[in-house]
Amino acid sequence: YLEAIGSFLAARYSGTQGKGQVDNWIVGNEVTARVQWNYIQNMSVEAYAEEYAKALRTFYIAIKSQNANARVFTCIDQVWERNNKSDLAVRYDSKDFLIALNNNIKASGNFSWGVACHPHPVPLTYAPFWSGGAYYKNLIKHSQNTPFMSMENIEVLTDFLCTPDMLTAFGNCRPVIVSEVGYTSTQGENNQAAALMYGYIQAKNNSYI
């Protein structure tokens, strides 16, 4: 069924049927949030990645069979390496999930999947995130042990994907897109606009996004 759905959609939106062309496909929304969006029982991150990898590979093959130029992405949220044991009942850290997913896919035959990320600000409802207090600053670090990932430290994701173990089968860094990010106007539209520009500049200056 998944193969049929992927093939049908990719063919329909391949630019050959007058329906438009889709070249970037995201398989699942924030797959790291197991309970909120993905509706599967509690299990280890390795077992979860194994189940998800089956769907990702199936969609990848089906989509590429209809559109060789298409790119296929998994999707993560902004929780990077929180290491909060209470979280494990409902979700996984994005870094742990990507490691488990990569290990599973490489063991079964590597392919060039990418990462769609949702690097919302921390705190989520505060547009001028660069002026947050000390507590929030401690949640956004420019290192691999940062609890959260936002546009402020988006290089954490691309640096991680450039490490040898995470490269594609062709030795390249995996493609990254910022597929969801937003800033409230609660603190005023000037702060909202500044946050959008800050995020845009961060993305523009990162060659892997």
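Here is what the cut-offs are and how they apply
- Residues numbered from 1 in each chain as written.
- Predicted model: local features only at pLDDT ≥ 70, side-chain atom pairs only at ≥ 80, totals over all residues.
- Heavy atoms only, no water.
- Salt bridge = Lys/Arg side-chain N within 4 Å of Asp/Glu carboxyl O.
- Helix = DSSP H or I, 4+ residues; strand = E, 2+ residues; numbered from the N terminus.
- Buried < 20%, exposed > 50% of the residue type's maximum accessible area, 1.4 Å probe, protein only.
- Expected span 1.5 Å × (residues − 1).
- Arc of directions from axis to C-beta.
- Pairing = 2+ DSSP bridges.
- Right-handed = clockwise from strand over helix to strand, strands pointing away.
- Core = buried A, V, L, I, M, F, W, Y, C linked by side-chain atoms within 4.5 Å.
- Axes fitted to C-alpha atoms, helices over the stretch in contact; angles between N-to-C directions.
- Parallel < 35°, antiparallel > 145°, perpendicular 65-115°, else oblique.
- Left-handed = near helix turned anticlockwise from the far one by under 90°.
- Contact = heavy atoms within 4.5 Å.
- Nonpolar A, V, L, I, M, F, W, Y, C, P; charged D, E, K, R; others polar.

Time to look at the pattern of salt bridges. Here the structure, examined in full by the defined rule, presents five salt bridges. Connected via shared salt-bridge partners are D77, R91 and D93.

The next point concerns unusual backbone geometry. Look at the link from V122 to P123: it is a cis peptide, with omega at 0°. Summarising the element assignment, P123 is placed in the loop between β3 (114-117) and α5 (134-137). A positive phi angle, near 45°, is found at E30, a position not held by glycine. Along the chain, E30 turns up in the loop between β1 (24-26) and α2 (34-38). Of note in this structure, N83 is not a glycine but carries a positive phi near 55°. By the element assignment, N83 lies in the loop between β2 (71-76) and α4 (94-108). Residue classification places N83 among the exposed positions, given a relative accessible area of 56%.

All right, on to helix α7 (residues 189-204) then. Spanning 16 residues, α7 covers 22 Å between terminal C-alpha atoms, matching the ideal 22 Å at 1.5 Å per step. Listed as buried for α7 are A195, G199 and A203. In an axial view of α7, the angular spread of the buried residues amounts to 70°, which keeps them on one side of the axis. For α7, exposure combined with an orientation more than 90 degrees from the buried face picks out N190 and K204.

The next thing to look at is helix α3 (residues 45-66). For α3, which comprises 22 residues, the first-to-last C-alpha distance of 31 Å matches the rise-based estimate of 32 Å (1.5 Å per residue) to within 8%. Taken together, the buried positions of α3 are occupied by V45, Y48, A49, Y52, A53, A55, L56, F59, Y60, A62 and I63.

Consecutive residues of a regular strand have side chains that alternate between opposite faces of the sheet. Covered by surrounding structure in β3 are G114 and A116 together with V115 and C117, the residues of both alternating faces. As judged from the four bridges shared by β2 and β3, these two strands associate in the parallel manner. For T74, the partnering residue across the bridge sits in β3 and is V115. In the classification by handedness, the crossover that spans β2, the intervening α4 and the parallel β3 is right-handed. When β3 meets strand β4 (residues 176-178), the two strands line up parallel, connected through three bridges. Among the inter-strand pairings, C117 is bridged to a residue of β4, identified as V178.

Counting residues in hydrophobic clusters, the biggest one holds 43 residues, and the most contacted among them are L56, I76, F97, L98, L101, W113 and L157. Of all the secondary-structure elements, those providing two or more residues to this core are α3, β2, α4, β3, α6 (155-161) and α7. Ranked by residues supplied to this core, first place goes to α3 with nine residues. Residues V79, V122, L139 and F148 belong to the second largest nonpolar core, which totals five residues.

Moving on, we get to the packing of α3 against α4. Put simply, α3 and α4 touch, their axes get as near as 8 Å, and they point 60° apart. The orientation of α3 with respect to α4, classified from their angle, is oblique. The crossing of α3 and α4 is right-handed. The segment α3 lies against α4, with V45, E46, Y48, A49, E50, Y52, A53, L56 and R57 engaging D96, F97, A100, L101, N104, I105 and S108. Broken down by class, the residue content of the contact of α3 with α4 amounts to 10 nonpolar, two polar and four charged.

On their own, these measurements won't tell you what the molecule is for.
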